[in-house]
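Secondary and tertiary structure notes
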Amino acid sequence: MEMAAWGNAGLGGVLGLLIGSFLNVVIYRLPKMLERQWAQELQAAQASSNDGSGAPADAVAQEPFNLMVPRSRCPSCGHQVQWYENIPVLSYLFLRGRCSACKAPIGIRYPLVELATGALFFFCVQRWGLTPTAAAWCGFSAALVALALIDWDTTLLPDDITLPLLWAGLLASALQWTHVPLQDSVLGAAAGYLSLWLVYWGFKLATGKEGMGYGDFKLFAALGAWFGWPALVPIILMSSVIGAVIGIAMKLRSSLREGGYVPFGPFLVGAGFTAMVFGPNAILGTVLGLLGL
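All values derive from a computational prediction rather than experimental measurement. (Residues numbered from 1 in each chain as written. Predicted model: local features only at pLDDT ≥ 70, side-chain atom pairs only at ≥ 80, totals over all residues. Heavy atoms only, no water.)

The next point concerns the nonpolar core. If you look at the biggest cluster of nonpolar residues, it comprises 55 residues, and the most contacted ones within it are Phe140, Leu144, Leu165, Leu219, Leu223, Phe227 and Ile235. For this core, the secondary-structure elements that each account for two or more residues are α1 (2-51), α3 (109-128), α4 (132-154), α5 (159-174), α6 (182-207), α7 (214-227), α8 (232-252) and α9 (265-278). A total of 13 residues in this core trace back to one element, the largest contributor, which is α4. When near neighbours in sequence (up to four residues on either side) are disregarded, Ile235 contacts Phe220, Leu223, Phe227, Leu268, Ala271 and Ala275. (Core = buried A, V, L, I, M, F, W, Y, C linked by side-chain atoms within 4.5 Å. Buried < 20%, exposed > 50% of the residue type's maximum accessible area, 1.4 Å probe, protein only. Helix = DSSP H or I, 4+ residues; strand = E, 2+ residues; numbered from the N terminus. Contact = heavy atoms within 4.5 Å.)

Rendered as structure tokens:
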């Protein structure tokens, strides 16, 4: 039985590698898809205000661009990636991290995302078996990986991921897949959103600046839905400590971006993963220990 459990976990890990390969596409393309959408909406609004008819002007023809089309290409030479060049991790090793056509380097992050997702799926199946609970936490993990890297790259936390993640947490609670009472899940979602919303407005009124984005509210609300309201304080403490440490390190190395900001989403994600693996209570104990309390 033990061997069967590890075998199932291995299959989960392989599935995670495949999902990780798809997440690389999501991380790269979803922000660009949103930018296109916003540009089209702005163009339509400008055309409507100019002619007063309310009818959008003819949009500039664009090639289809979504998560499926066009096929992946090398950004340097345009070489279309073949299926055998897109096998998670193995293709990267076989190609020695370079395009097969122009030999331009391929970012190491691609296989790292695949490995991280594979490891998370392996963990979920090994811990919860082939159950709906494991499937739920695998989906949770995939969403957080995508959100962390999109936010790090673009400072965006797309509604296309945060809102489904929130509703999935409530649904998983209602179906008793996460072992979080539905009442705690609903209160967690509401309190998660409102708490950061209040912090946002308090900071803005005091300084005139925006300290975070609305995507952070929605992500924290989603974490509240998945873990329940009692987990909110440990999660926000952990994410704040991690963010402060990394922010100070980046400042010392003069690697902060223009404006001196660091996206908060990746640190919420890190605290979310810690809560999934160790539990919120373990987070609180760790943070209080670091603070000497």
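Our focus in this paragraph is the pattern of salt bridges. Two side chains bearing opposite charge may form a pair once their charged atoms approach each other closely. What the rule picks out here adds up to three salt bridges. Linking Asp153 and Arg109 is a salt bridge whose minimum nitrogen-to-oxygen distance equals 2.7 Å. Remark: Arg109 occurs in helix α3 and Asp153 occurs in helix α4; sequence separation between them is 44 residues. Here Asp159 and Lys218 are joined by a salt bridge, their closest N and O atoms 2.8 Å apart. With a gap of 59 residues between them, Asp159 in helix α5 and Lys218 in helix α7 connect regions that are remote in the sequence. For Asp159, a relative accessible area of 34% corresponds to the partly exposed category. Given the relative accessible area of 17%, Lys218 is considered buried. (Salt bridge = Lys/Arg side-chain N within 4 Å of Asp/Glu carboxyl O.)

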